[in-house]
Amino acid sequence: MRGTTVLPGEGNNGEPGEDGMPTHRLQVPMPNALPFAIGTFDTIGPMSRASFPHRHTFHEIVHVTGGTGGHVVDLSRFTLRPPNLCFIAPGQVHQWEDVTGLEGQVILFTDDFLVDHPADRYVLRTLARRSWIDLPEDAAGWTAHLVADLDGEYRSGAHGFQSVLRALLHVLVVRAARLPAPRAAAVPLASPHADAPVALPRSRPVTVTEEFVTLLGSSEGALQSVRSCAERLGVSVSYLSEAVKASTGRTPGELIRQTRVHEAKRLLLRTELSVRQVADRVGFGDPAYFCRFFRRETGASPGSFRRGGGDIHHDHRLESIAGPSSPA
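Residues numbered from 1 in each chain as written. Predicted model: local features only at pLDDT ≥ 70, side-chain atom pairs only at ≥ 80, totals over all residues. Heavy atoms only, no water.

**Student:** Any chance you could explain the nonpolar core here in plain terms?
**Tutor:** Formed by 30 residues in total, the largest nonpolar core has its most connected members in Phe36, Ile61, Ile107, Phe109, Leu150 and Leu169. Among the elements of the structure, strand 3 (36–40), strand 7 (84–88), strand 8 (94–109), helix 2 (120–130), helix 3 (137–156) and helix 4 (161–178) are those that each provide at least two residues to this core. Core analysis: the next-biggest nonpolar cluster, separate from the first, contains 16 residues, Val261, Ala264, Ala279 and Phe284 among them. (Core = buried A, V, L, I, M, F, W, Y, C linked by side-chain atoms within 4.5 Å. Buried < 20%, exposed > 50% of the residue type's maximum accessible area, 1.4 Å probe, protein only. Helix = DSSP H or I, 4+ residues; strand = E, 2+ residues; numbered from the N terminus.)

Written out as structure tokens, the structure is:
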């Protein structure tokens, strides 16, 4: 697995935003690519320690076991006090700051990898709003074991390892979500007192985005349109679009399409519904149009995806923080 970091002015493969923010993508080869990687900061590559603000198109979980310095996520700075667990959602801006001796494991994956547990997408975004966790002694133990198991399973490539990886990742996400949040988890970057933790106020756009993501995570999420979501949230379509884009780096339409694709994948893999029935369940009255949509989004027809057991993936060019020559 290879990756590239696309900086502003170097073309649109990295989809840098209008603010010139670098967007990291992981280059996943076809066919049967697994949209998941785990490794140390060294094996993932030097960009895993990037000291400049950047976004990802994928989820990142960092298990910090050593080092000093800070980690900035959006508008908050967190001080390293290993062991730590950090969650970064697609679209969030982050960077490492004044770090030395950074050690630990980095886990990278896309929403596509969560096909067995689609609700984890929304748990992960909730964890990413908190982002940084100082692990107590008991949690440090099970976290280290789970991360080690993920790493071992990933490198073994044994029969069925994909499903084991998904199960282990699900356990990690669920257990992390159970951990109590501190009263003040971060230091606002604008605070004149860097050692005084201060809770950040929540903005209206962030709240609207959270409500939008929660709506997509409901049982009827795949049937929503941007307009219907805006109406249910009591905002205009333009306001919803601006809020979601600013908070996630993606448009509401992109997230709705993603929700439909995930629900379709789940139904294709976990039920015996016909393609026509799956199409109807995810809001497509025309099965032929659904098939074209599914192929465009995944690189495979619904039938091929089902026959392949979910191992056929579109080349998402998942952003990588690994360098072009770094193994994964």
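**Student:** Hey, could you run me through helix 3 in this one?
**Tutor:** Residue pairs spaced three or four apart in an α-helix point in one direction, given the helix's 3.6 residues per turn. Here helix 3 spans 29 Å end to end across 20 residues, near enough to the 28 Å set by a 1.5 Å rise per residue. All buried positions along helix 3 are accounted for by Ala139, Ala140, Trp142, Thr143, Leu146, Val147, Leu150, Asp151 and Tyr154. Buried positions along helix 3 lie against strand 3, strand 5 (59–73), strand 7, strand 8 and helix 4. Backbone geometry just after helix 3 places Gly157 at a positive phi near 60°. (Expected span 1.5 Å × (residues − 1). Contact = heavy atoms within 4.5 Å.)

**Student:** Before we go on, may I ask you to explain the side chain of Ser301 in this structure?
**Tutor:** Assignment of secondary structure puts Ser301 in the loop between helix 10 (287–298) and helix 11 (302–307). A polar contact is formed between the side chain of Ser301 and the side chain of Ser304, at a distance of 3.0 Å. Non-local contacts of Ser301, meaning those with residues more than four positions away in its chain, are made with Phe294 and Arg295. (Polar contact = N/O pair within 3.5 Å; in protein donor to acceptor, adjacent residues only side chain to side chain.)

**Student:** Is there a simple way to think about the pattern of salt bridges in this case?
**Tutor:** Any two side chains of opposite charge can pair, so long as their charged atoms come close to each other. Applying the stated criterion to the full structure yields seven salt bridges. For the salt bridge of Asp42 with Arg49, the shortest nitrogen-to-oxygen distance reads 3.0 Å. Residue class for Asp42 comes out exposed when judged on its relative accessible area of 61%. Looking at Arg49, the relative accessible area reads 28%, which means it is partly exposed. As a salt-bridge pair, Asp111 and Arg125 come within 3.3 Å of each other at their nearest N and O atoms. Residue Asp111 is found in the loop between strand 8 and helix 2, and its partner Arg125 is found in helix 2; the two are separated by 14 residues along the sequence. We classify Asp111 as buried; its relative accessible area is 4%. Taken together, the shared-partner salt bridges connect Arg257, Arg296 and Glu297 into one network. (Salt bridge = Lys/Arg side-chain N within 4 Å of Asp/Glu carboxyl O.)

**Student:** Is there a simple way to think about the environment of Ala181 in this case?
**Tutor:** Relative to the assigned elements, Ala181 resides in the loop between helix 4 and strand 10 (187–188). Taking the relative accessible area as the measure of exposure, Ala181 reaches 53% and is therefore exposed. The sequence separation of Ala181 and Leu127 amounts to 54 residues, and the corresponding C-alpha distance is 9.8 Å.

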